[in-house]
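# Remarks on the overall topology
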There are 4 protein chains.
Amino acid sequence: MTDKRIRVGVYGASGYAGQDAVEILRHHPCAELVFATANTQAGQPIPHTSMTYIKSEDAPLDQVEAVFLALPHGASAQMAVTARAAGVRVIDLSADFRLDTPARYKQWYDHDHPYPELLPAPYGLPEINRANIVGQSLVAAPGCYPTTTLLGLMPLLKNGWLEPGNPIIVDAKSGVSGAGRDPKPHLQFVEVFGNLSPYSPGRTHRHVGEIEQEIAKLDPNAGMLIFTPHLLPVDRGLMASITVELKADFSSDGAQALYEQTYANEPLVNVLPAGQQASLKHVVHTNGAAISLTSVTARYLHITSVTDNLRKGASGQAVQCFNLMFGLPETMGLL
Amino acid sequence: MTDKRIRVGVYGASGYAGQDAVEILRHHPCAELVFATANTQAGQPIPHTSMTYIKSEDAPLDQVEAVFLALPHGASAQMAVTARAAGVRVIDLSADFRLDTPARYKQWYDHDHPYPELLPAPYGLPEINRANIVGQSLVAAPGCYPTTTLLGLMPLLKNGWLEPGNPIIVDAKSGVSGAGRDPKPHLQFVEVFGNLSPYSPGRTHRHVGEIEQEIAKLDPNAGMLIFTPHLLPVDRGLMASITVELKADFSSDGAQALYEQTYANEPLVNVLPAGQQASLKHVVHTNGAAISLTSVTARYLHITSVTDNLRKGASGQAVQCFNLMFGLPETMGLL
Amino acid sequence: MTDKRIRVGVYGASGYAGQDAVEILRHHPCAELVFATANTQAGQPIPHTSMTYIKSEDAPLDQVEAVFLALPHGASAQMAVTARAAGVRVIDLSADFRLDTPARYKQWYDHDHPYPELLPAPYGLPEINRANIVGQSLVAAPGCYPTTTLLGLMPLLKNGWLEPGNPIIVDAKSGVSGAGRDPKPHLQFVEVFGNLSPYSPGRTHRHVGEIEQEIAKLDPNAGMLIFTPHLLPVDRGLMASITVELKADFSSDGAQALYEQTYANEPLVNVLPAGQQASLKHVVHTNGAAISLTSVTARYLHITSVTDNLRKGASGQAVQCFNLMFGLPETMGLL
Amino acid sequence: MTDKRIRVGVYGASGYAGQDAVEILRHHPCAELVFATANTQAGQPIPHTSMTYIKSEDAPLDQVEAVFLALPHGASAQMAVTARAAGVRVIDLSADFRLDTPARYKQWYDHDHPYPELLPAPYGLPEINRANIVGQSLVAAPGCYPTTTLLGLMPLLKNGWLEPGNPIIVDAKSGVSGAGRDPKPHLQFVEVFGNLSPYSPGRTHRHVGEIEQEIAKLDPNAGMLIFTPHLLPVDRGLMASITVELKADFSSDGAQALYEQTYANEPLVNVLPAGQQASLKHVVHTNGAAISLTSVTARYLHITSVTDNLRKGASGQAVQCFNLMFGLPETMGLL
């Protein structure tokens with residue numbers, strides 16, 4: 001059966017998202033991991049495999065059909081171009097192709113997009129954009145904050161339940177692996193242990209642009225996003241706590257049914273029974289999301305949406321996109 | 001100098017708040033700890049002292065001038081009555097005297113108040129109610145959620161900055177010691193470690209009634225509270241993350257100056273410089289609060305308010321009230 | 001292919017070890033989980049499956065070929081008897097069948113063994129007792145402390161490297177899940193967080209009897225065990241830190257080669273390259289062990305042996321035994 | 001009373017030990033903190049004070065009577081020389097003056113001591129060397145591993161209880177603040193969280209030389225040290241788990257009385273009652289040590305010794321030395 005497997009490579013495989021990509025792919029029944037790059041760890045063994053990391057420049061692009069790019073912002077775009085030129089399909093986990101237009105990219109990243117001709121790329125969140133991912137050659141898999149927030153909002157947006165123009169308020173908390181592996185003073189154990197810290201509050205976090213872009217596609221009348229991320233003293237897991245006001249036509253009591261219907265056929269989204277609250281334990285080390293709903297008053301709804309930031313918020317979702325791109329069952333290797 | 005010290009007792013001294021009360025009082029220059037009760041640990045040594053815990057019934061009420069009640073809801077009211085009958089002043093850390101009226105008490109606690117004649121008691125949050133605490137005999141010290149939330153809102157409420165009727169949205173996170181010492185399945189280490197869990201969301205947590213009571217005193221036009229507490233995987237520390245809409249007359253840009261002025265003479269409230277974000281590390285193991293402000297848009301303001309839930313959110317504040325009740329310098333033993 | 005699967009049940013499936021057993025079995029290519037019992041959670045959904053827990057008394061023993069018993073000490077023996085009477089094979093994760101004789105059992109558990117006729121059962125540590133597990137009907141899978149300690153010592157014991165009579169000194173550290181799910185005061189989050197606590201030190205922990213029993217089989221001249229377990233503030237993972245004196249005939253420099261040879265064909269035991277130290281991260285969430293060696297002096301050797309206490313130290317090992325009992329590839333479902 | 005205070009400065013005050021030194025000194029009744037240096041944070045406010053950090057070169061040495069040096073190895077020696085030249089007394093928290101001879105220093109630090117004429121300096125562990133600290137001008141305060149290990153062994157060493165020549169086996173575990181504040185990959189939160197890692201095992205850790213030096217002074221016949229430190233996933237706290245063999249003349253049963261007598265008048269060393277085990281919670285955020293004893297067999301004794309690595313293992317002990325150097329009550333500011 002090996003000859004039928006799709007041969008893949010992972011760039012940036014020693015980062016936290018890259019490691020999880022390797023871990024998922026080595027159990028995937030229809031993928032074969034051919035190489036995994038990690039420039040600073042070239043020659044070192046890859047945990048739980050018999051392979052070693054190689055340098056990016058030594059990666060045999062001609063021997064794979066697809067690559068996962070778990071590279072820093074900027075480096076990813078460049079490698080995507082190289083891979084596409086070699087006829088290799090790309091699942092990009094960076095932010096490089098998530099914004100649809102060069103203008104929006106410049107607004108949030110403060111410089112011109114290096115390859116504007118590749119924009120827009122399909123936004124790789126299958127539950128809201130499945131049709132545009134199937135069969136594609138380059139997909140921009142969204143990260144943890146957008147994925148978790150958008151899954152928590154989608155049923156309301158798609159069905160026009162939100163009071164037009166009113167802000168969507170999101171208090172988000174991320175495990176520290178979301179900040180990557182590079183040593184930084186504020187990510188040292190002693191600084192994080194026993195602590196909880198907001199950062200990039202209000203409308204300053206770069207993911208605001210990406211989330212609002214996708215919100216607008218689903219509901220052009222939706223209000224702005226007020227988004228406050230926090231660094232949470234756990235290694236993995238992400239929670240988006242969302243408060244919204246509904247149109248007078250709807251009542252928050254109906255949200256439970258709306259969400260259950262919307263996600264009825266989504267195996268990776270678990271709408272919890274009424275009365276339960278979604279916690280990180282529901283999703284950590286899985287490739288799914290969990291969502292719980294609270295009717296605060298008739299007009300106000302509170303939503304808790306959780307994912308594992310390295311799985312449904314990164315590598316799990318990338319493999320989900322990979323499955324769609326290659327016509328495999330969408331959840332293969334993910335349940 | 002010993003003869004000038006005010007002799008005090010602590011009831012419920014082996015609980016987390018009680019332990020911190022003992023710890024603060026044993027360093028307090030004008031208090032002398034005469035006894036500390038802990039029914040299940042009677043006879044055991046009290047950490048860092050040469051005393052042992054005694055049973056509540058053995059406490060020599062006639063030898064003290066004041067008692068701190070760190071007892072469960074219900075037990076506290078009864079002991080307060082006993083102490084008052086003995087002429088002993090009471091700083092109550094429970095919820096028993098925080099609601100002003102028997103009706104409101106019944107609404108939130110589902111049974112009649114056992115001693116309605118003692119209501120209302122002064123609400124022991126000095127920064128908003130100092131004048132009513134000075135010299136008093138019974139004070140109801142508020143807990144961690146109300147203290148942290150109210151300190152974060154007070155300058156806006158007092159000065160009428162909030163858009164009338166619009167909801168005040170609070171995402172709150174508490175260290176696990178806030179849930180007390182009794183063993184419960186969901187508080188076991190393995191359940192909390194690596195997790196984050198919302199509970200009592202929306203308008204169901206009992207502290208909503210108390211917070212709204214105090215909000216209304218400061219600003220009768222303020223909207224309802226939407227309050228979502230979370231169990232945070234740390235031992236101590238509490239964060240209230242607050243989002244509000246301002247009246248069109250005001251701009252969120254002015255909030256920094258408003259808060260700095262309001263708290264200019266409050267040694268236990270630290271308004272961080274613009275651009276910094278309050279984190280638990282700012283306050284854990286201290287008796288103060290820290291507050292940071294973010295101007296989201298002109299009309300929307302985000303506030304982060306933090307305390308140590310066992311200190312400014314419990315025992316530190318109780319000692320602050322004690323100091324006021326006895327005419328001592330307010331921050332004695334607390335800096 | 002489903003009809004070829006071996007039908008199995010798990011008793012005590014909501015405990016930590018039971019949960020991991022379910023998790024491993026639901027991915028196992030040749031096992032089919034037919035039921036999972038949890039008396040206090042009967043009717044609740046089993047995470048990541050479409051099944052619900054059932055009561056032990058409702059378990060259809062006649063529909064399975066094997067059961068995993070993740071039950072408390074005592075309850076396990078009784079269920080084992082019932083299962084065996086029904087012709088069902090048993091992998092017992094409790095301590096009930098680990099000691100070879102009724103006398104030894106009484107010595108360590110302070111009461112008579114309820115079913116002495118079932119002793120001795122094969123000791124389910126494949127790397128030291130594989131031949132006696134293959135094809136068996138009742139196997140006693142050892143727990144985390146014995147497994148991790150014995151794997152760390154086995155090459156020395158089997159080859160007679162230890163100085164006869166000299167003590168084997170083991171400092172052991174266990175994640176909190178090893179203490180089970182029942183709420184206890186000392187297992188509350190606040191008590192464990194930021195703490196490290198020894199317990200049952202010296203020769204008092206019940207696993208000392210079991211470990212010494214197996215040591216003696218491998219090397220009758222080995223000295224006594226000095227064993228100090230600690231409660232470690234992590235959810236899972238176990239480390240045994242071992243110090244031994246070698247016979248003058250051997251040098252600790254040779255230990256690296258000895259271990260590499262001994263475990264060369266053991267896919268679940270990873271002897272780290274010389275100079276590296278085994279840490280919990282090497283094994284957590286895997287079914288393997290990792291071992292590192294330090295030559296302190298020619299005569300003194302230090303060994304660090306680590307496992308995931310719920311996997312190789314419990315359920316992973318139980319499935320490894322299951323594979324051997326049924327003639328399946330030993331690591332099926334475990335890599 | 002301010003005019004009677006001893007004016008002091010702290011170098012390296014933004015490091016973890018330096019921060020705790022400032023915290024202790026700002027509450028010390030007879031010390032006045034005049035300056036605190038932190039080159040990379042010069043101009044930043046010092047938490048809980050009204051002061052700001054200054055650069056080392058701007059420190060007014062002529063305005064203080066004593067300085068605490070919480071500087072890196074090497075930098076400390078140089079500053080000590082400068083301070084002594086200015087007539088300022090020095091409490092050094094680095095390793096620069098802990099070894100008695102230039103030869104021993106070179107053996108463990110691989111280069112010549114820069115100021116051999118200053119060796120030997122008094123070893124600043126009051127419980128074993130009090131007489132040599134009183135009134136001194138330069139004291140080398142030992143760090144966390146030596147302090148905790150030596151306090152755990154001292155009664156045995158001083159009274160000749162150890163079997164001559166037999167190894168002293170120490171399994172040590174340190175909170176991460178012991179590794180300092182500089183960002184390093186292996187100290188990142190995600191790497192440490194949920195992990196436990198040995199490092200510098202056997203006889204390779206630099207503190208082995210220092211500990212053996214002090215052991216030999218107390219008992220020249222004592223055997224070598226086998227010392228395995230571990231990085232523990234907590235912010236502060238240190239545990240030394242010690243196993244020793246006693247001479248046949250003594251029995252481990254007598255150790256409890258021996259320790260209780262030895263430390264009877266030591267307010268900062270708490271020998272726990274027989275049967276209790278010392279844990280980090282006994283000492284974290286205090287300036288004391290706690291010790292518990294277990295009689296394994298008549299000849300084998302297990303000792304658990306714990307400190308807060310930043311307090312009794314660093315800054316608390318430095319202030320204890322300061323008190324002795326200046327003739328103040330030894331525990332002033334420390335209880």
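A short tour of the structure in this document, coming up. Here the structure is a predicted model, which means the values were calculated and not measured. (Residues numbered from 1 in each chain as written. Chains lettered and ligands numbered in written order. Predicted model: local features only at pLDDT ≥ 70, side-chain atom pairs only at ≥ 80, totals over all residues. Heavy atoms only, no water.)

### Here's the deal with the sheet that holds strand 5 (residues 138-140) of chain B
Residues and elements named next belong to chain B. A sheet is described by the order of its strands in space; here five strands give the open sequence 2-1-3-4-5, paired in parallel fashion. Bordering the open sheet on either side are strand 2 (31-36) and strand 5, each of which pairs with just one other strand. Adjacent strand axes in the sheet meet at a mean angle of 20 degrees, parallel and antiparallel pairs treated alike. Pairing of strand 3 (residues 66-69) with strand 4 (residues 89-92) involves four bridges; the strand directions are parallel. Bridge pairing in strand 4 links Leu 69 to Asp 92. Against the sheet, helix 1 (residues 16-27) engages strand 1 (6-11), strand 2 and strand 3, with an angle of about 160 degrees to strand 1. Each of strand 1, strand 2, strand 3, strand 4 and strand 5 touches helix 9 (residues 311-325); the most contacted strand, strand 4, lies at about 155 degrees to it. (Pairing = 2+ DSSP bridges. Helix = DSSP H or I, 4+ residues; strand = E, 2+ residues; numbered from the N terminus. Axes fitted to C-alpha atoms, helices over the stretch in contact; angles between N-to-C directions. Contact = heavy atoms within 4.5 Å.)

### Some details on the environment of Val 67 of chain C
Residues and elements named next belong to chain C. Relative to the assigned elements, Val 67 resides in strand 3 (residues 66-69). In this structure the C-alpha to C-alpha distance between Val 67 and Val 139, which are 72 residues apart in sequence, comes to 11 Å. Non-local contacts of Val 67, meaning those with residues more than four positions away in its chain, are made with Gly 9, Tyr 11, Phe 35, Leu 61, Ala 83, Val 88, Arg 89, Val 90 and Ile 91.

### Topic: the relation of the copies chain D and chain A
Note on the copies: chain D fits chain A at an RMSD of 0.0 Å, the axial shift is 0.0 Å, and the rotation between them is 180 degrees. Such a turn and shift between the copies fits a two-fold axis. Mapped onto chain A, 100% of the interface residues of chain D are again interface residues, and the two copies thus contact each other with one and the same surface. (Least-squares fit on C-alpha atoms with pLDDT ≥ 70 in both.)

### Remarks on the interface of chain A and chain B
Contact residues are listed per partner, giving 36 residues for chain A and 36 residues for chain B. Sorting the residues of chain A by area buried against chain B places Leu 196, Pro 198 and Lys 281 of chain A first, and these three jointly supply 18% of that buried surface. In this structure, the connection of chain A to chain B is made through two salt bridges. The salt bridge involving Lys 173 of chain A is made with Asp 171 of chain B; its shortest N-O contact spans 3.0 Å. At the boundary of chain A and chain B, one finds 16 residue pairs in polar contact (both at pLDDT 80 or more). Contributions of two or more residues to the side of chain A that touches chain B are made by strand 6 (168-174), helix 6 (189-192), strand 7 (197-198), strand 8 (225-231), strand 9 (238-245) and strand 12 (300-307) of chain A. (Buried area = accessible area lost by both parts, 1.4 Å probe. Salt bridge = Lys/Arg side-chain N within 4 Å of Asp/Glu carboxyl O. Polar contact = N/O pair within 3.5 Å; in protein donor to acceptor, adjacent residues only side chain to side chain.)

### A word on the pairing of strand 8 (residues 225-231) of chain B
All names here are of chain B. In terms of burial, strand 8 is largely enclosed, as seven of its seven residues are buried. Of the two faces of strand 8, the one holding Leu 225, Phe 227, Pro 229 and Leu 231 and the one holding Ile 226, Thr 228 and His 230 are both buried throughout. Alignment of strand 6 (residues 168-174) against strand 8, held across seven bridges, turns out to be parallel. From the neighbouring strand, Ile 168 faces strand 8, where its bridge partner is Leu 225. Sheet topology places strand 7 (residues 197-198) next to strand 8; two bridges connect them, and they run antiparallel. The residue of strand 8 that forms the bridge with Pro 198 is His 230. (Buried < 20%, exposed > 50% of the residue type's maximum accessible area, 1.4 Å probe, protein only.)

### A few points about the interface of chain D and chain A
Contact with chain D, which involves 18 residues of that partner, is made by 18 residues of chain A. In total, about 1600 Å² of surface goes out of reach between chain D and chain A, with carbon and sulfur atoms giving 67% of it. Considering only the side of chain D, the residues that lose the most area to chain A are Gln 188, Phe 189 and Val 190 of chain D, jointly responsible for 41% of the buried surface there. Joining chain D to chain A, the criterion identifies two salt bridges. For Glu 191 of chain D, the salt bridge identified is with Arg 181 of chain A, shortest N-O distance 3.2 Å. Put simply, chain D and chain A have eight residue pairs in polar contact (both at pLDDT 80 or more) between them. Counting residues per element, the side of chain D that touches chain A draws most heavily on helix 6 (residues 189-192) of chain D, which supplies four residues.

### Focus: the packing of aromatic side chains
Per the stated rule, a full pass over the model turns up 36 aromatic pairs over all chains. With a centroid separation of 4.6 Å and 10 degrees between ring planes, the pair formed by Phe 193 of chain A and Phe 193 of chain C is classed as stacked. Here the residue Phe 193 of chain A occupies a position in the loop between helix 6 and strand 7, and Phe 193 of chain C occupies one in the loop between helix 6 (189-192) and strand 7 (197-198), the pair thus bridging two chains. Neither Phe 193 of chain A nor Phe 193 of chain C differs from the other in exposure class; each is buried. Feature note: the residues Phe 189 and Phe 193 of chain A, Phe 189 and Phe 193 of chain B, Phe 189 and Phe 193 of chain C together with Phe 189 and Phe 193 of chain D constitute an aromatic cluster, connected by ring pairs. One residue, Arg 89 of chain B, lies across the ring of Phe 326 of chain B, its end atom 4.1 Å from the ring centre. (Phe/Tyr/Trp six-rings, centres within 6.5 Å; stacked < 30°, edge-to-face > 60°. Lys NZ or Arg CZ within 6 Å of the ring centre and 35° of its normal.)

### Section: the relation of the copies chain A and chain B
Once chain A is rotated about the relating axis by 180 degrees and shifted along it by 0.0 Å, it coincides with chain B to within an RMSD of 0.0 Å. With an isologous cut-off of 70% or more, the 100% of interface residues of chain A that recur at the interface of chain B puts this contact in the isologous class.

### Structural notes on the sheet that holds strand 8 (residues 225-231) of chain D
All names here are of chain D. Overall, mixed pairing links the seven strands, which are arranged 7-8-6-9-12-11-10 in an open sheet. Either end of the sheet is taken by a strand with one partner, and the two such strands are strand 7 (197-198) and strand 10 (269-271). Where helix 5 (residues 144-158) meets the sheet, it contacts strand 6 (168-174), strand 8, strand 9 (238-245), strand 10, strand 11 (289-295) and strand 12 (300-307), and its direction lies at approximately 35 degrees from that of strand 9.

### Overview of the pattern of salt bridges
Side chains that differ in charge, positive against negative, can pair when their charged atoms come close. Within the structure shown, the criterion is met by 72 salt bridges over all chains. Its salt-bridge partner being Lys 106 of chain C, residue Asp 112 of chain C comes within 3.3 Å of it at the nearest N-O pair. By relative accessible area, Asp 112 of chain C is classed as exposed at 53%. A salt bridge links Asp 100 of chain D to Lys 217 of chain D, with the nearest nitrogen and oxygen atoms 3.0 Å apart. On the criterion of sequence distance, the pair formed by Asp 100 of chain D in the loop between strand 4 (89-92) and helix 3 (102-109) and Lys 217 of chain D in helix 7 (residues 207-218) is long-range, its members being 117 residues apart. Taken together, the shared-partner salt bridges connect Asp 20, Arg 236, Asp 308 and Arg 311 of chain A into one network.

### Let's talk about helix 5 (residues 144-158) of chain C
Residue and element names in this part refer to chain C. Its 15 residues give helix 5 an end-to-end C-alpha distance of 21 Å, which sits within 8% of 21 Å, the value for a rise of 1.5 Å per residue. Of all the bends in helix 5, the largest measures some 40 degrees and sits at Gly 152, one to four residues before the proline Pro 155. Downstream of helix 5 by one or two residues, Gly 160 has phi in the positive range, about 65 degrees. (Expected span 1.5 Å × (residues − 1). Bend = angle between axes of the 7 residues up to and from the residue.)

### As for the packing of helix 5 of chain D against helix 7 of chain D
All names here are of chain D. Two elements in contact, helix 5 and helix 7, have axes whose closest approach is 10 Å; the angle formed by their N-to-C orientations is 20 degrees. The orientation of helix 5 relative to helix 7 falls into the category roughly parallel. Helix 7 is crossed by helix 5, and the crossing has right-handed handedness. Along its contact with helix 5, which presents Tyr 145, Pro 146, Thr 149, Leu 150, Leu 153, Met 154, Leu 157 and Lys 158, the element helix 7 presents His 207, Glu 210, Ile 211, Glu 214, Ile 215 and Leu 218. Each residue belonging to the contact of helix 5 with helix 7 can be placed in one class, and the counts come to nine nonpolar, two polar and three charged. (Parallel < 35°, antiparallel > 145°, perpendicular 65-115°, else oblique. Left-handed = near helix turned anticlockwise from the far one by under 90°. Nonpolar A, V, L, I, M, F, W, Y, C, P; charged D, E, K, R; others polar.)

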